[in-house]
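Structural overview for review
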Amino acid sequence: MLRVAVFDFDGPISDTREAVLDLIRKAAASDEVPKITAAWQYLNLRGPERLVEDLGFWVENGLTPGTQETILQFLRASISTGLTQRASKQTGIELLIECARTLGYKTAILSLRTEAEIREFLDRHRIGHLIDHVVGNDSLSGIKKPNPRTLIETLARFSTKSPGTFDLLYVGDSDVDYATFCSVKQEVTLSGQWTYYHASYAKEPAPSAQSNADYTIDSLKPLQAIERRVQPLNLPSSDESLFRTTLDPMLKRRFSILCGAGVSIPSGYGDWLQQYRPILDETGVSPFISELGVLDAVTLGATDQENLKGIRNFFSSSFRDGKRPNAYHSLILRLMPFSIWTTNYDFMFEKAIETCPQELYRIVRQPSDLSLTAGTAGDIFKLHGDFLAGVDADLATGTPTVFEPQMSNYPMRRGAILDRLKADYRAGPFLFLGLSFGDPFIRTLIASEALEPSSDQPHLFLDVYKPDPLGRYLQSLQAERLKKLGIMTQYVRSYSQLMHVLLRGVMSVQRPIVGFAGNSFEDDGRGAKRALGGHSPVAKDIAVRCAEGLAKRLASQSFRVSSCCGPTVGREAVEAAYSIDPLSGRFVLREGGGGRYINVNAPIVRIKAREHDDLWREFVQMTAALIAIGGEGYEPTTGPSNLEGTVQEVRAAAIAGKPVIVVPQAGGHAESISDRFREEILDLYSDSDFGRRVGELNEWIRGLPKNLSEADITDIADRCVLLIQDYYCRGTEGEDPRVCPVKW
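Small disclaimer: the values here were computed from a predicted structure and weren't measured.

**Notes on the overall build of the protein**
- When you go through the protein residue by residue, the secondary structure sums to 30 helices and 21 strands.
- Split into buried and exposed, the 744 residues of the protein put 55% on the buried side.
- Taking contacts inside the protein between residues at least 6 apart in sequence as the whole, the part at least 24 apart equals 73%.
- Within the structure as shown, the protein displays about 31600 Å² of accessible surface, and the carbon and sulfur contribution to it stands at 50%.

Here it is as structure tokens:
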């Protein structure tokens, strides 16, 4: 896929601020110097391009109309013709461009200036060789940003393909740039990855771009340390390899989780900038965000008592709403860690606990809560408390503890909680999730010599891979720093992949049960047999190979296997899983029934069921998915006739909305079910979208050859795992995963 990086010129590449200030000095008459000084200060906050537009400011500062017009005419003429010649290059910009090129991006400049003017600037600063195409105002047929055609024509310089087929990296510094990016993104169907970077180092006021950009580049200074070769980051080849190499070893030990605000973003809470922006705008300190950072800007706004009260009330009320926990909260709970530590002030974990009442967690908000009875499932420590039962702050005079300087007081006020944190940190591995390395609490925590872990218990920092050059560089520095502290960093490609890795962990911990339905009564000597429902006879050799192969593959991935002991399928599946792991195979039979199956190589779970129909319903209820292979009805010498257990189990599972996987290659009822799956079975799913996915998998299995190979069976099992993952958590970040049904 073709990669293109598009840069705006004024701001991201050329630094015109000093040039504009110089023009202001030359334009001002000597008796107007004090007024121009005020304008100069205003310029630092608002940016050079806004200075010409905001005529009201000039009037308020006492400039006469004649002087005002003289200055404006001079500025307009200078900015339109000679400003580029006076502008300097943004220090470090060539390194950013080089990093983009190292990652395989072609480069372009999209600007309202002329192509010749831009080329002259690039050549003068010896960076022209880094830019493949320049698209200026003189080649855009009179259209200007944010008209989407400007960006479309820029991409057309590289290829005539649809804009949506590009991997686009757009670097701008204004709301106009961001609007241009969004207007095209909304018009086309994307197959490539589109990313907007806001160049806040240019200091152009751009509230929309600043708040919504995918990434923000606050300074180019760190780029001066980047070598031409961007350091590679350890990216796993698949969710399964990531789980097996990193998360699975941790889950087998006494582990804890420390999670930050990132886990609550899918619930509707923003990051620090999004959370605080409304109150920062109201208190008038928003212009200082790019210079000071969000937290220091909050501190600046809190110095005034009235603003302090407003920030405190806003901060408190922002968490008192109807937001719901998301899949991250539920997955973390169902990973069943020894302890959960969170820096959040929200109440999402408390709400998530309500969705899984079978687990009991103790909530520790303040040191006195440590005297409460410990939870049977574990403890949740809210490191800063919350606004429901007290926070780590004096609400009458102070702000919540979110600033690094306040961490020095933490041991004195909350020493007992900090001691418990240190004890958990030493006792077992920690999983860091949804945290920024710059979080003041985590930086204080991992920098403490007392918390250095032993070498045989490495901690794990899970982070989402940043594809941009600057982000990759900073992540590599972070990984090196954490490595020295005994913390291994593992990257995932997306938040969706992170969700699936955590879900894989939940399934490993809670071990869902996959039920096997089907049988073959050939040669069992139990009276007259006949094919019911017009199905073909069961091919025993295929049925056995499928049942054993699928069961072994599932058991090796931490699933449990169960059946009602049907010969040729159920018995073989359970005993195969039992051979892999004695905890992975169980039979389910009625109390007082099934005496003929006493000689089996796996434990039997007896349930109360009067009839076979009751047994099948109970069996399906305890499973997370059902695999049907073979299946024959029979007419015994005594008891009910026309038993079609395979059909009944498939129908019950579909009505319950669970994944049903039918393997028709062995014949029997599974073959007839496969024939009418699309017309009959899929209609039983209340969730039509999930039913469609079930149907797609079954259609694919139906197209496989009759004599399934070992590779085919492995592929079926792996696709079953993905479908079960989809069942537990529909692949979206805002939905709760389903509760695991039972444990034996």
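More follows now that the structure is in view.
**A short note on the sheet that holds strand 12 (residues 378-382)**
- Strands sit in the order 11-12-10-9-13-14-15 across an open sheet of seven strands; the sheet is parallel. Each having just a single partner strand, strand 11 (361-364) and strand 15 (487-492) make up the two edges of the open sheet. Each strand axis lies, on average, 20° off the axis of its neighbour in the sheet, ignoring direction.
- Where strand 14 (residues 459-464) meets strand 15, six bridges bridge the pair, whose relative direction is parallel. Looking at the pairing, Leu462 lines up with Gln490 of strand 15.

**Description of the nonpolar core**
- Counting residues in each nonpolar core, the largest one holds 104 residues, and the members touching the most others are Phe516, Leu550, Ile627 and Ile629.
- With nine residues, helix 30 (residues 710-728) is the largest single contributor of residues to this core.
- One finds Ile97, Ile109, Ile127 and Tyr197 within the second-largest nonpolar core, a separate group that totals 25 residues.

**Things to note about the packing of aromatic side chains**
- Going through the model one piece at a time under the given rule, you end up with 14 aromatic pairs.
- Centre to centre, the rings of Phe181 and Tyr196 are 5.5 Å apart; their planes meet at 50°, and the pair counts as tilted. With Phe181 in helix 10 (residues 175-187) and Tyr196 in strand 7 (residues 194-198), this residue pair connects regions lying 15 residues apart in the sequence. Take Phe181 and Tyr196: they sit in the same class, and that class is buried.

**Here's the deal with unusual backbone geometry**
- Of note, the bond from Lys145 into Pro146 is cis; its omega dihedral lies within 30 degrees of zero at 10°.
- Among the structural elements, Pro146 can be located in the loop between strand 5 (133-135) and helix 9 (148-156).

**Points about helix 17 (residues 327-334)**
- Burial runs high along helix 17: eight of the eight residues are buried.
- Every buried residue belonging to helix 17 is among Ala327, Tyr328, His329, Ser330, Leu331, Ile332, Leu333 and Arg334, and all of these are buried.
- Just beyond helix 17, the residue with positive phi is Met336, at close to 55°.

**Some points on the pairing of strand 12**
- Burial analysis of strand 12 places five of its five residues in the buried class, which makes it a mostly covered element.
- Along strand 12, one buried face is formed by Gly378, Ile380 and Lys382 and the opposite face, lined by Asp379 and Phe381, is buried too.
- Of the strand pairs in this sheet, strand 10 (residues 339-342) and strand 12 are connected by four bridges, and their pairing is parallel. In the sheet register, Thr342 faces strand 12, and the bridge partner there is Lys382.

**Re the side chain of Ser264**
- Within the element layout of this structure, Ser264 appears in the loop between strand 9 (256-259) and helix 13 (272-283).
- Once residues within four sequence positions are removed from consideration, Ser264 is found in contact with Tyr269, Asn326, His329, Asn344, Asp346 and Met348.

**Some points on the side chain of Arg586**
- Along the chain, Arg586 falls in strand 18 (residues 585-590).
- The side chain of Arg586 is buried and forms no salt bridge, while Asp581, the nearest opposite charge, is found at 7.6 Å.
- A polar side-chain atom of Arg586 sits 3.0 Å from the main-chain carbonyl oxygen of Pro582.

**Things to note about the packing of helix 12 (residues 239-251) against helix 22 (residues 495-510)**
- Running from N to C, helix 12 and helix 22 point in directions that differ by 50°, and their axes come no closer than 10 Å. Considering the angle they form, helix 12 stands oblique to helix 22. Judged by the sense of rotation from one axis to the other, the crossing of helix 12 with helix 22 is right-handed. In this structure, helix 12 uses Asp239, Glu240, Leu242, Phe243, Arg244, Leu247, Asp248 and Leu251 to contact helix 22, whose residues at the interface are Gln497, His500, Val501, Leu502, Arg504, Gly505, Ser508 and Val509.
- For the contact of helix 12 with helix 22, the class distribution of residues is seven nonpolar, four polar and five charged.

**Structural notes on the packing of helix 29 (residues 688-702) against helix 30**
- In the contact formed by helix 29 and helix 30, the axes pass within 11 Å of each other and the chain directions differ by 180°. Classed by the angle they form, the pair helix 29 and helix 30 counts as roughly antiparallel. Of the residues in helix 30, those in contact with Phe690, Arg693, Val694, Leu697, Trp700 and Ile701 of helix 29 are Asp715, Ile716, Arg719, Cys720, Leu723, Asp726 and Tyr727.
- When its residues are assigned to classes, the contact of helix 29 with helix 30 shows nine nonpolar, no polar and four charged.

Reading the values: the criteria
- Residues numbered from 1 in each chain as written.
- Predicted model: local features only at pLDDT ≥ 70, side-chain atom pairs only at ≥ 80, totals over all residues.
- Heavy atoms only, no water.
- Helix = DSSP H or I, 4+ residues; strand = E, 2+ residues; numbered from the N terminus.
- Buried < 20%, exposed > 50% of the residue type's maximum accessible area, 1.4 Å probe, protein only.
- Contact = heavy atoms within 4.5 Å.
- Areas by Shrake-Rupley, 256 points an atom, 1.4 Å probe, with all protein chains shown as cover.
- Pairing = 2+ DSSP bridges.
- Axes fitted to C-alpha atoms, helices over the stretch in contact; angles between N-to-C directions.
- Core = buried A, V, L, I, M, F, W, Y, C linked by side-chain atoms within 4.5 Å.
- Phe/Tyr/Trp six-rings, centres within 6.5 Å; stacked < 30°, edge-to-face > 60°.
- Lys, Arg positive; Asp, Glu negative; His and termini not counted.
- Salt bridge = Lys/Arg side-chain N within 4 Å of Asp/Glu carboxyl O.
- Polar contact = N/O pair within 3.5 Å; in protein donor to acceptor, adjacent residues only side chain to side chain.
- Parallel < 35°, antiparallel > 145°, perpendicular 65-115°, else oblique.
- Left-handed = near helix turned anticlockwise from the far one by under 90°.
- Nonpolar A, V, L, I, M, F, W, Y, C, P; charged D, E, K, R; others polar.

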